[in-house]
Amino acid sequence: MSQLPTSPSCHWHGMLWAFGWSGCHSSAWPRLLWIMWAWLSPGSWAHQGTQPHSIKIEGDITLGGLFPVHSRGPPGVPCGEIKKEKGIHRMEAMLYALDQINSDPEVLPNITLGARILDTCSRDTYALEQSLTFVQALIQKDTSDVRCSNGEPPIIRKPERVVGVIGASASSVSIMVANVLRLFEIPQISYASTAPELSDNNRYDFFSRVVPPDSYQAQAMVDIVKAMGWNYVSTLASEGNYGESGVDAFIQISREAGGLCIAQSLKIPREPKPGEFDKIIKRLMETSNARGVIIFANEDDIKRVLEAAKKANLTGHFLFVGSDSWGAKNSPILDQEDVAEGAVTILPKRASIDGFDQYFTSRSLENNRRNIWFAEFWEDDFRCKLTRPGIKLDSDKKKCTGEERIGRHSPYEQEGKVQFVIDAVYAMAHALHSMHLDLCAGAAGVCDKMDPVEGRMLLKYIRAVSFNGSAGTGVLFNENGDAPGRYDIFQFQMSNTTSPGYRVIGQWTNHLRLSIEEMQWSGGERQVPDSVCSFPCNPGERKKMVKGVPCCWHCELCDGYQFQADEFTCETCPFDMRPTENRTGCRPTPIIKLEWHSPWAIIPVFLAILGILATLSVVVTFIRFNDTPMVRASGRELSYVLLTGIFLIYLITFLMIAEPGPTVCAFRRLLLGLGMCISYSAMLTKTNRIYRIFEQGKKSVTPPKFISPTSQLVITFILISVQVLGVFVWFGVVPPHTIIDYEELRPPNPELARGILKCDMSDLSLISCLSYSLVLMVTCTVYAVKSRGVPETFNEAKPIGFTMYTTCIVWLAFVPIFFGTAQSTEKMYIQTTTLTVSMSLSASVSLGMLYVPKVYVIIFHPEQNVQKRKRSFKAVVQAATMSTRLSQKSNDKQNGETKIEPDRTQ
């Protein structure tokens, strides 16, 4: 510091003078008012009896240094205990680097680098006051008005000019100091400050650093989380610039990258209350699915978080991803190894500098007097006490002999940031070297153009440096003064290892290289545990997102005939398709038809075959006995027509079961109603003839018209032609073709869905096709009822009547079965079987009641198949009328034993 005369008046003026305040007659710099207030205010450290201590190394060019040699002191005291690793190791690294540079003829030849090294005491406000030392030489001084009390001018030592500053360590300290140094355009290179806000080149334009910012670290941690398949994590930060800015950067990057959600973002207070960490663990368990915990915290907070997790019996539940404050340190996990197992940590890529180890372990009280804090370090490191004049030695402490050796009589491990301190000093030296080459044109020593060194020009040279650092890695800066991100990724492993500890599992240099197969979790598990809000949906399920939380969703099954179009959407399959089993797509709906081997087809076919055989037997019998009285009496012509209709009714069964095609469909349309139409037309003609004969007989003995066989055939074919004409009109309007009906068999369960190959005949068109035949059947039934009074011994009216009654019962049963199964999954089978069986039964009733008795008589009682004497029409009518009257009197339906054969030839 400045040396002033001992006169109080002169001392006061000298202090003001040193900081650019030239008494009452000088003008002050407005931008320094707040600095002067901080220095001169009653509450400052300078007024509490604490004088700034520093190390002064003489040189042609002086560099400043800021190191946390001591920890933060208790309230009212600026400094606490000495910090051996973060303080002494780092500060000695700067001294070591200066020695190396000054002895290197290739870097700044004939120029010696000096240093002014200050202790920040791990406190930003104290560091700010200390750093004012660096700007003293830059303040212009006017000495014309300053005099001592004896009238003589003051004797003031000119402070050395600091061209650049190495430091600080903590980000909060670097931020505070950078705000001052930028005012005086003094470049600053930090070896440990990683806060992302220091990358703001507008606010901290003279700040650079050889360590990557936390934004890179946060990017690396985001990449790690994603590589492990996590999408739902919590964050935990120590209150302060490092923790909060680190978490903020992590959250910002994760938000920009997408696919990663923050369950909770918790903060650890600077002064935690009792039970605070238990509350933090309890809060983290509120989102227990978020097992991954991203932690930006100091060592003490990390340790207490692990203790609280163990206390809550949650060992193995939380999966920690720690920042470089955790790194590969053992102190945070001491006695908590089981809770920390599997923790993934990150640390800037670094190496141990062998040359520094040799240098530092060779330091002693005798050869390291330039370090004014080394004696204090010596006492702490060897747990001894140095003797000082007038100070009594504590009885409980041994006396230091000075023969102790670092690493031999005390544990030693190189502090992790030593490499970066050396690189920071070398970066400043290389920038000065390039500047000297450009400005001094090879002249020895500092030339006029570099006296003084212009800060803004030096900054440009700093940003342009590129060299291999002390660990062999490249040292360079981007436009914001940040070093490239290079990180080693560690995992703390206990199981299946020879010795528990941190194991390198990957690297990050702008992109991630992670060996997932080398990772190991609680209990030696190799599978990466889950830390997700919602597990992936199964195939065929869509995501229904939780509002405001893009990583959380509910899985909803694509039901019915829907398939998973994408992860958020279910869509309905086309009408001719159904979803696959896993509902990720659609597949063609199977096409079915009634197969011949189906039980639904076997019964109708069996009945139809029996019916056809029976019909053919009757036809053959009638043909063989065509001229016998029994065949002639039954009306041969209409009988053959009726038997043809019965045959066609049986035949339609095969067409209904056959595979649909245009030809089959055409014959279905034609024969479905034609067989019944032929049968009922013939029976209607018969009953109408009988009815007209006996009705006419009541009025006159003259026979009615159109009762001859030819007339009967004409009437029958006219009735049949109506059906045929309707069918051919249908052919013209809608040509027969097949369709595949996907709606008929489309139950809620798509696995049961089928497309039915069928003819283009709806239920309505099928009934319409049969409707004419049903009209004939009903009309025939009406005539049969009207002819019921005619004795069966005289005609076929009553067998036809019984046939119609039975047929009506069959078809009345058919209607509810046919239409009642419209919604059944077996609709096609039930309706086809019901229709064919009903038609076969109708044909069988007609065949059985009208022709089986005749065949029986013809075959087994030929004696009854003889010619009876003919009666005139008048005699037949009179006999029938008399029989009717007797029947009404006796209510005997079977009265009259004389068989009267009406003359069929009339």
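From a predicted model like this one, the values you see are computed outputs, not experimental measurements.

(A) Layout of the pairing of strand 18 (residues 487-493). Counting buried positions over the seven residues of strand 18 gives seven, a clear majority of the element. Neither face of strand 18 is open: one carries Tyr487, Ile489, Gln491 and Gln493, the other Asp488, Phe490 and Phe492, and all of them are buried. Note that strand 18 and strand 19 (residues 501-508) share seven bridges and pair antiparallel. Within strand 19, the position partnered with glutamine 491 by the bridge is arginine 503.

(B) Seen up close, the sheet that holds strand 12 (residues 319-322). Sheet architecture is open: eight strands sit in the order 10-9-11-12-13-18-19-20, paired in mixed fashion. Because the sheet does not close on itself, it has two edges, and the strands there are strand 10 (261-268) and strand 20 (512-514). Sheet twist, expressed as the average angle between the axes of neighbouring strands with direction ignored, equals 25°. Of the strand pairs in this sheet, strand 9 (residues 232-238) and strand 10 are connected by six bridges, and their pairing is parallel. What sits directly across from leucine 236, in strand 10, is leucine 266. Where helix 8 (residues 276-284) meets the sheet, it contacts strand 9, strand 10 and strand 11 (292-296), and its direction lies at approximately 175° from that of strand 10.

(C) Quick look at the side chain of serine 169. Position of serine 169 relative to the elements: it lies in the loop between strand 6 (162-166) and helix 5 (171-181). With a relative accessible area of 14%, serine 169 lands in the buried category. A distance of 2.5 Å separates a polar atom in the side chain of serine 169 from a polar atom in the side chain of arginine 90. The contacts of serine 169, once residues within four sequence positions are left out, are Leu66, Pro68, Arg90, Ser174, Tyr191, Ala192 and Ser193.

(D) Summary view of empty space enclosed by the protein. The full count for this structure, using the stated rule, is six cavities of 30 Å³ or more. Roughly 350 Å³ of internal volume is contained in the largest cavity. Looking at the lining of the largest cavity, the elements with two or more residues in it are helix 17 (636-657), helix 18 (662-699), strand 29 (754-759), helix 20 (763-786) and helix 22 (827-850). Taken together, the residues that form the lining of the largest cavity break down as 14 nonpolar, three polar and six charged.

(E) The pattern of salt bridges, seen in detail. On inspection of all chains with the given rule, the structure shows 22 salt bridges. With a shortest N-O distance of 3.2 Å, glutamate 58 and lysine 56 are connected by a salt bridge. Residue class for glutamate 58 comes out exposed when judged on its relative accessible area of 61%. A salt bridge links arginine 209 to aspartate 482; its shortest N-O distance comes to 2.8 Å. Taken together, the positions of arginine 209 in strand 8 (residues 207-209) and aspartate 482 in the loop between strand 17 (474-476) and strand 18 put the pair 273 residues apart, joining distant regions of the chain.

(F) Molecular detail of the pairing of strand 19. Sheet analysis places strand 19 next to strand 20, joined by three bridges and oriented antiparallel. Note that in strand 20 the partner of tryptophan 508 across the bridge is leucine 512. As consecutive antiparallel partners, strand 19 and strand 20 are separated by three residues, and within that stretch asparagine 510 has a phi angle of approximately 70°, a positive value.

(G) Molecular detail of the confidence of the model for the chain. Considering every residue of the chain, the mean pLDDT works out to 83; 85% of them sit at 70 or more. When mean pLDDT is compared element by element in the chain, strand 7 (residues 188-190) scores highest at 97, while helix 1 (residues 8-18) scores lowest at 37. Counting contacts from residues 1-52, a segment whose pLDDT is below 50, to residues more than four positions away or on other chains yields 92 contacts. In this model residues 890-906 is a low-confidence stretch, pLDDT under 50, and it forms 34 contacts with partners more than four residues away in sequence or in other chains.

(H) Broad picture of helix 22. Along its 24 residues, helix 22 runs 34 Å from first to last C-alpha, staying within 8% of the 34 Å computed at 1.5 Å per residue. For helix 22, the buried fraction is high: 20 of the 24 residues fall into the buried class.

(I) Examining the nonpolar core more closely. Among the nonpolar cores identified, the biggest contains 68 residues, and Met94, Leu113, Ile189, Leu432, Met450 and Leu458 are the most heavily contacted of them. It is helix 13 (residues 418-440) that contributes the most residues to this core, 15 residues altogether. Other than its neighbours up to four places away in sequence, methionine 94 contacts Leu63, Gly64, Gly65, Phe67, Ala115, Ile117, Ile166, Val421 and Val425. Core analysis: the next-biggest nonpolar cluster, separate from the first, contains 57 residues, Met630, Tyr772, Leu850 and Ile858 among them.

Definitions and limits used
- Residues numbered from 1 in each chain as written.
- Predicted model: local features only at pLDDT ≥ 70, side-chain atom pairs only at ≥ 80, totals over all residues.
- Heavy atoms only, no water.
- Buried < 20%, exposed > 50% of the residue type's maximum accessible area, 1.4 Å probe, protein only.
- Helix = DSSP H or I, 4+ residues; strand = E, 2+ residues; numbered from the N terminus.
- Pairing = 2+ DSSP bridges.
- Axes fitted to C-alpha atoms, helices over the stretch in contact; angles between N-to-C directions.
- Contact = heavy atoms within 4.5 Å.
- Polar contact = N/O pair within 3.5 Å; in protein donor to acceptor, adjacent residues only side chain to side chain.
- 1 Å grid on protein atoms, 1.4 Å probe; cavity = no way out; pocket = protein on both sides within 12 Å on 5 of 7 lines; lining within 4 Å.
- Points joined across faces, edges and corners; volume = space filled by probe spheres on them.
- Nonpolar A, V, L, I, M, F, W, Y, C, P; charged D, E, K, R; others polar.
- Salt bridge = Lys/Arg side-chain N within 4 Å of Asp/Glu carboxyl O.
- pLDDT = per-residue confidence, 0-100.
- Expected span 1.5 Å × (residues − 1).
- Core = buried A, V, L, I, M, F, W, Y, C linked by side-chain atoms within 4.5 Å.

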